[in-house]
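Breakdown of the fold
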Amino acid sequence: MKHYIIAKWNEGVDRQAVLAPVKEIFDRTLEIPGIHGVNVIPCCIDRPNRYDIMIEIDMDPEALPAYDASAPHKEWKARYGEHIAAKTIFDRAD
């Protein structure tokens, strides 16, 4: 399945500066059994009605609980949770 995290940063967050550290966090999810790929994709348009970043994780559905409990997921929430104005989670079966 594909697990998507789509987020809009708070005003004042440097969208370019956070891109590499966020990618570093999510690249570590590849160590979790059942996770096969990760893409961290910035939005190419800077408009108020757009979200800023999309994280796509290719995983087996059974890997979702391990991902939820993982250190990278906890770090993402701890480091960036307060900097997110809005977030959407979406899962798609392949």
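Everything here concerns the structure above.
Residues numbered from 1 in each chain as written. Predicted model: local features only at pLDDT ≥ 70, side-chain atom pairs only at ≥ 80, totals over all residues. Heavy atoms only, no water.

1. What about the overall build of the protein?
Note the following rule: Helix numbering and strand numbering both begin at the N terminus, where a helix is a DSSP run of H or I of at least 4 residues and a strand a DSSP run of E of at least 2. The cut-offs for exposure are 20% and 50% of the maximum accessible area for each residue type, with area from a 1.4 Å probe on protein chains only; residues under the lower value are buried, those over the upper are exposed, and the others partly exposed. Residue contacts are defined here by distance: any two heavy atoms, one from each residue, within 4.5 Å place the two residues in contact. Accessible areas in this description were obtained via Shrake-Rupley with a 1.4 Å probe; residue shielding takes into account the shown protein chains only. In summary, the charge assignment counts Lys and Arg as positive and Asp and Glu as negative, without counting His or the chain termini. By convention, charge coordinates are those of NZ in Lys, CZ in Arg, CG in Asp, or CD in Glu.
Along the backbone of the protein there are 3 helices and 4 strands. For the protein, the succession of helices and strands along the chain, N to C, is β-α-β-β-α-α-β. Along the first, second and third principal axes, the C-alpha atoms of the protein reach 35 × 25 × 20 Å. Taking all 94 residues of the protein together, 36% fall into the buried category. Restricting the contact set of the protein to residue pairs at least 6 apart, pairs at least 24 apart contribute 72%. Carbon and sulfur atoms provide 54% of the accessible area of the protein, an area that totals close to 5600 Å². Of the charged side chains in the protein, 12 are positive and 16 negative, and the gap between their average positions amounts to 5 Å.

2. A few points about the layout of surface pockets
Formally: Residues are called lining when one of their atoms sits within 4 Å of a cavity or pocket point, these points coming from a 1 Å grid over the protein atoms alone, where a cavity is a set in which a 1.4 Å probe fits but cannot get out and a pocket is an open set with protein on both sides within 12 Å along at least five of seven lines. Grid points are joined across faces, edges and corners, and a volume is the space filled by probe spheres set on the points. Classification convention: Asp, Glu, Lys, Arg as charged; Ala, Val, Leu, Ile, Met, Phe, Trp, Tyr, Cys, Pro as nonpolar; all other residues, Gly among them, as polar.
Taken as a whole, the largest pocket holds about 180 Å³ of empty space. Around the largest pocket, the lining residues are K8, W9, N10, E11, G12, V13, R15, D46, R47, P48, D52 and A85. Residues belonging to the lining of the largest pocket are distributed by class as follows: 4 nonpolar, 2 polar and 6 charged.

3. Considering the packing of aromatic side chains
What counts is decided by this rule: Here a Phe, Tyr or Trp ring, Trp counted by its six-membered ring, pairs with any other such ring whose centre lies within 6.5 Å, and the pair is stacked when the planes are under 30 degrees apart, edge-to-face when over 60, and tilted otherwise.
Overall, the coordinates contain 5 aromatic pairs when judged by the stated rule. Their ring planes at 45° and their centres at 6.4 Å tell us that Y4 and F90 sit as a pair that is tilted. Taken together, the residues Y4 in strand β1 (residues 2-9) and F90 in strand β4 (residues 84-92) connect sequence positions 86 residues apart. With relative accessibility at 11%, the residue Y4 sits in the buried group.

4. A word on helix α1 (residues 15-27)
Convention followed: How far a helix is expected to stretch is found by multiplying one less than its residue total by 1.5 Å. Here a polar contact is taken to be a pair of N or O atoms separated by no more than 3.5 Å, where protein atoms must pair a possible hydrogen donor with a possible acceptor and residues adjacent in sequence count only if both atoms sit in side chains.
Compared with an ideal rise of 1.5 Å per residue, which puts 13 residues at 18 Å, α1 spans 18 Å between its outermost C-alpha atoms and is within 8% of the ideal. Considered for burial, the residues of α1 that qualify are V18, L19, V22, I25 and F26. At the N-terminal end of α1, a side-chain oxygen is found 3.1 Å from the backbone nitrogen of Q16, two or three residues along, and the residue is D14.

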